[in-house]
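Examination of the molecular architecture
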Amino acid sequence: MLPVWIALRSYAPYVMFPVAALIGFVGYHLEGLVSDRQTPHRQGSVGDDREERRLQEMVNKEDCTRVDSLKERKFVPNTILDRNLSPSLTVRPTTSDPH
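Residues numbered from 1 in each chain as written. Predicted model: local features only at pLDDT ≥ 70, side-chain atom pairs only at ≥ 80, totals over all residues. Heavy atoms only, no water.

1. With respect to the overall build of the protein
In terms of regular secondary structure, the protein is built from 3 helices and 0 strands. Ordering the α and β elements of the protein from the N terminus gives α-α-α. Taken across its 99 residues, the protein has 0% of its residues classed as buried. With an accessible surface of roughly 10400 Å², the protein has 61% of that area assigned to carbon and sulfur atoms. (Helix = DSSP H or I, 4+ residues; strand = E, 2+ residues; numbered from the N terminus. Buried < 20%, exposed > 50% of the residue type's maximum accessible area, 1.4 Å probe, protein only. Areas by Shrake-Rupley, 256 points an atom, 1.4 Å probe, with all protein chains shown as cover.)

What follows is the structure, given as structure tokens:
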């Protein structure tokens, strides 16, 4: 029995690779039968959707000529950590003061 264990230990990659490939092949095709992997078809192209969205933004904007000054830099966050701040981390005003 000892030579069998020694042989299995030395040839383990050659034995396990086909077994793992067979399990993966069967699992892949089983998942294909069970799940619905169809991607819904888009009505318009991405470029058309973008143009439509930009036109809607221009129509909904009150005055396109009134914009913030670039010298004031209101669009730049104070720190890099403020750029993508999670809503759960924002400071919420409290209505009751414990002190």
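From this point, things continue past the structure.
2. A few points about the packing of aromatic side chains
In total, this model carries 1 aromatic pair according to the counting rule given. Plain terms: the ring middles of Tyr11 and Tyr14 are 6.3 Å apart, the flat faces sit at 50° to each other, and that makes the pair tilted. An identical accessibility class is assigned to Tyr11 and Tyr14; each is exposed. (Phe/Tyr/Trp six-rings, centres within 6.5 Å; stacked < 30°, edge-to-face > 60°.)

3. Examining the pattern of salt bridges
Tallying each qualifying case throughout the model produces 1 salt bridge. For Glu57, the salt bridge goes to Arg53, with nearest N and O atoms at 3.3 Å. Here Glu57 pairs with Arg53, and both are found in helix 3 (residues 46–60), just 4 residues apart, close to one helical turn. For Arg53, a relative accessible area of 43% gives the class partly exposed. (Salt bridge = Lys/Arg side-chain N within 4 Å of Asp/Glu carboxyl O.)

4. Overview of a nonpolar patch on the surface
Together, Met1, Val4, Trp5, Leu8, Tyr11, Tyr14, Val15, Met16, Val19 and Ile23 give the surface a local cluster of nonpolar side chains, amounting to about 1100 Å² of exposed area. Elements that contribute at least two residues to the nonpolar patch include exactly helix 1 (2–10) and helix 2 (12–34). A total of 5 residues in the nonpolar patch trace back to one element, the largest contributor, which is helix 2. With respect to the helices and strands, Ile23 occurs in helix 2. (Patch = residues over 30% accessible without salt bridge, like charges linked within 9 Å, V, L, I, M, F, W, Y side chains within 5 Å.)

5. A short note on the confidence of the model for the protein
Parts of the prediction with low pLDDT should not have their coordinates interpreted in detail. Mean pLDDT for the protein: 79, with 80% of residues reaching 70 or above. Per-element confidence in the protein is highest for helix 2, whose mean pLDDT is 91, and lowest for helix 1, whose mean pLDDT is 82. (pLDDT = per-residue confidence, 0-100.)

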